[in-house]
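Listed below, chain by chain, are the residues.
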Amino acid sequence: MPIKTIFLDRDGVINKEINYLHKIDDFEFIDGIFDACQYFQRLGYKIIIITNQSGIFRGYYNESHYQELTQWMLSQFEINNISILDIFHCPHGPNSTCSCRKPKPGMFLKAKEKHNADMEKSWLIGDKEVDITAANAAGIENTILVRSGHRIDESKSNASFFLDSIQQSKKIITA
Ligand SMILES: [Zn+2]
């Protein structure tokens, strides 16, 4: 059975945006994130996180720092009765020829194949236009750009909806 999925960007959507965040002490969840994810689960969605982590390429932190932070983040979701199905990250830099760094759709396509995600019934919530571009290229038409992370230019965006943060997504995602 294909699954319907909420694809989440991490920085600026799940946690407050800090450049090259890699320390647990600096990780601050955005208000309403757990409530929103519990709501998505009640609607029958699986949750997958898709994140660019060029700080690894840039040498600001390494893969094991990233994994340590990820395990801690997952433990916080678990405490709040939220199960994250999978997390994909791109460790490469802006000039990389990799197929995973957003705005390329590689991580979304990998998730689709691995978990049999039904892209037509899925959503992407991001804070940058590259999130929207990557999702669209992977066949996800339902997209939300949130204002809780990077500054966005709504007049030039291809996002379907704009919200202050993931906290308001209940208004948009209703089935
Ligand atoms: Zn990559």
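Along each chain, the written sequence defines residue order, and numbers are assigned to residues from 1. Predicted model: local features are reported for residues with pLDDT of at least 70 only, side-chain atom pairs are reported and counted for 80 or more only, and whole-chain, interface and lining totals are derived from all residues. The side-chain numbers reported here are obtained from all heavy atoms of the structure, hydrogens and water having been left aside.

Participant: Before we go on, may I ask you to explain the nonpolar core in this structure?
Facilitator: Put simply, a nonpolar core is a bunch of buried Ala, Val, Leu, Ile, Met, Phe, Trp, Tyr and Cys residues held in one set by side-chain atoms that sit within 4.5 Å of each other. For the exposure calls, accessible area comes from a 1.4 Å probe over protein chains only, and a residue counts as buried if that area is under 20% of its type's maximum, exposed if over 50%, partly exposed in between. Core analysis: the biggest nonpolar cluster contains 33 residues, and Leu8, Ile14, Phe40, Phe77 and Ile125 have the highest contact counts within it. Only strand S1 (5–8), helix H1 (33–42), strand S2 (46–52), helix H3 (63–79), strand S3 (84–90), strand S4 (123–126) and strand S5 (142–146) provide two or more residues apiece to this core. Contacts are residue-level and defined by heavy atoms, with any inter-residue pair within 4.5 Å sufficient. When near neighbours in sequence (up to four residues on either side) are disregarded, Ile14 contacts Leu8, Asp9, Phe27, Glu28, Phe29, Ile30, Ile33, Ile49, Met73 and Phe77. Runs of H or I in DSSP of at least four residues are treated as helices and runs of E of at least two as strands, each being numbered from the N terminus.

Participant: Where do I start with the coordination of the zinc ion in this structure?
Facilitator: Octahedral six-donor coordination of a metal ideally yields angles of 90 or 180 degrees, compared with 109.5 degrees for tetrahedral four-donor coordination. Donor selection uses N, O and S atoms within 2.8 Å of the metal (3.2 Å for Na, K and Ca). Since no water is included, sites may look incomplete. Distances from the zinc ion to its protein donors, Cys90 (SG), His92 (ND1), Cys98 (SG) and Cys100 (SG), fall within 2.0 to 2.3 Å. In this structure, the zinc ion is coordinated by four donor atoms arranged in tetrahedral fashion, with angles at the metal of 97 to 118°. Taking the relative accessible area as the measure of exposure, Cys100 reaches 17% and is therefore buried. When four donors show all angles between 85 and 135 degrees the site is tetrahedral, when four or six donors have opposite pairs over 155 degrees and all other angles between 65 and 115 it is square planar or octahedral respectively, and in every other case it is irregular.

Participant: Teacher, can you tell me more about the pairing of S1 here?
Facilitator: Taken residue by residue, a regular strand's side chains alternate between the two faces of the sheet. Burial along S1 is two-sided: Thr5 and Phe7 and Ile6 and Leu8, pointing in opposite directions, are all buried. Between any two strands, pairing holds if DSSP finds at least two bridges. When S1 meets S2, the two strands line up parallel, connected through four bridges. Counterpart to Phe7 in the pairing with S2 is Ile48. A crossover gets the label right-handed when its path from the first strand over the helix to the second runs clockwise, viewed with the strands pointing away from the viewer. A crossover connection joins S1 to the parallel S2 through H1; in handedness this β-α-β unit is right-handed. With three bridges connecting them, S1 and S4 associate as parallel partners. Residue pairing across strands places Phe7 opposite Leu124, the latter belonging to S4.

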